[in-house]
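# Observations on the model geometry
One letter stands for each residue in the lines below.
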Amino acid sequence: MVQAGSSDVRPPAVSERASPSCLNDARTDALTQAAFCYDKAGLFFEKSVAEAFEARRVLRASARKSTRANPSDTSLVAAKFRSCAENAPNIQQGKKLYRPCADLYLAARRHEEAARAFELADEFDQSALVYLGMGERFTDDAVRVARTGRTTAATRDKVFKTARFGFLHPMLVFLPLHSHLQAPLPQAPAARPCPSSLRGR
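Residues numbered from 1 in each chain as written. Predicted model: local features only at pLDDT ≥ 70, side-chain atom pairs only at ≥ 80, totals over all residues. Heavy atoms only, no water.

A few words now on the overall build of the protein. Scanning the protein from terminus to terminus reveals 9 helices and 0 strands. Along the protein, helices (α) and strands (β) appear in the sequence α-α-α-α-α-α-α-α-α when read from the amino end. Classification of the 201 residues of the protein by burial places 32% in the buried group. Taking the contacts inside the protein whose residues are at least 6 apart along the sequence as the reference set, 49% of them involve residues at least 24 apart. Here the protein has roughly 13,400 Å² of accessible surface; of this, 55% comes from carbon and sulfur atoms. (Helix = DSSP H or I, 4+ residues; strand = E, 2+ residues; numbered from the N terminus. Buried < 20%, exposed > 50% of the residue type's maximum accessible area, 1.4 Å probe, protein only. Contact = heavy atoms within 4.5 Å. Areas by Shrake-Rupley, 256 points an atom, 1.4 Å probe, with all protein chains shown as cover.)

Right, dumping it as structure tokens:
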């Protein structure tokens, strides 16, 4: 079971450009304090990242109390990470932020968004398997991701086998009907001989 927003991405440290005096602020939470410092330093991207990690921390704390996180709340936190990833100053930072985004969408059962975020995070095995688990409508997406060559042999084998079965399954369903249509047609009745009284007319 995937926990809400499980990820190995660490919250950002306070930048040296942030004013040291803000660290003495009376705020008790480190991430909230970091966001406050970034805002004062004009580091708005770093501020949004700190806020996303703080939202995830609050979400996890809430989930521990109620044993289950609210999917809508989880989706909102995932959207925060997605926004950060989309506005990251470089590709590598974006990929790191798409990972917690994907975990959160998966926890919220937003599987299509999760699969896409895993793909953008270069987590191709997880992306392909999430697509595959969504049914026939997303099999093509699973095959596309598996064909990138950056998935394991086990993932490719599972995806391609499932895709082949999905292609053959409709044909198997119609086999009885098909064989019935190939049955020989009934023969036309033989023509009766012409009566002798009509011959020569």
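A full pass over the atoms with the stated rule returns 10 salt bridges. A salt bridge links K95 to D122; the shortest N-O distance between them is 2.6 Å. With K95 in helix α4 (residues 91-107) and D122 in the loop between α5 (111-120) and α6 (124-133), the pair connects residues that are 27 residues apart, well separated along the chain. Of the residues examined, D122 reaches a relative accessible area of 31% and is grouped as partly exposed. Ionic contacts of the salt-bridge type, sharing partners, join the residues R116, E119, D141 and R144 into one network. (Salt bridge = Lys/Arg side-chain N within 4 Å of Asp/Glu carboxyl O.)

Below, the discussion takes up α6. Taken together, the buried positions of α6 are occupied by F124, S127, A128, V130, Y131 and L132. Just past α6, the residue G135 takes up positive phi, approximately 105 degrees.

Two elements in contact, α4 and α5, have axes separated by 8 Å at closest approach and are oriented at 160 degrees. Relative to α5, α4 is oriented roughly antiparallel. The handedness of the crossing between α4 and α5 is left-handed. Where α4 abuts α5, its residues K95, Y98, R99, C101, A102, D103, Y105 and L106 lie against H111, E113, A114, A117, F118 and L120. Here the residues of the contact of α4 with α5 are counted per class, giving 9 nonpolar, 1 polar and 4 charged. (Axes fitted to C-alpha atoms, helices over the stretch in contact; angles between N-to-C directions. Parallel < 35°, antiparallel > 145°, perpendicular 65-115°, else oblique. Left-handed = near helix turned anticlockwise from the far one by under 90°. Nonpolar A, V, L, I, M, F, W, Y, C, P; charged D, E, K, R; others polar.)

Its location among the elements puts P71 in helix α3 (residues 71-86). In this structure, the C-alpha to C-alpha distance between P71 and Y105, residues 34 residues apart in sequence, is 8.6 Å.

Bringing the nonpolar core into the picture now. Membership of the largest hydrophobic core comes to 36 residues, with the highest contact counts inside it found for F81, L97 and V159. For this core, the secondary structure elements donating two or more residues are α2 (44-66), α3, α4, α5, α6 and α7 (139-146). Setting aside chain neighbours within four positions, we find L97 in contact with F45, V49, F53, F81, C84 and A85. (Core = buried A, V, L, I, M, F, W, Y, C linked by side-chain atoms within 4.5 Å.)

Quick look at unusual backbone geometry now. One non-glycine residue, R109, lies in the positive phi region at around 65 degrees. Mapping R109 onto the fold places it in the loop between α4 and α5. On the basis of relative accessibility, which here comes to 55%, the residue R109 falls in the exposed class. Even without being glycine, D122 reaches a positive phi, approximately 65 degrees.

In this structure the tally under the stated criterion is 2 aromatic pairs. Summarising the aromatic geometry, the rings of F53 and F81 are spaced 5.1 Å apart at their centres and angled 85 degrees between planes, so their arrangement reads as edge-to-face. Taken as a pair, F53 in helix α2 and F81 in helix α3 lie far apart in primary sequence, 28 residues in all. Comparing F53 with F81 shows no difference in burial state: the two are buried. Ring geometry for Y131 versus F138: centroids 6.3 Å apart, planes at 20 degrees, classification stacked. Across the pair, F138 and Y131 agree in class, each one buried. (Phe/Tyr/Trp six-rings, centres within 6.5 Å; stacked < 30°, edge-to-face > 60°.)

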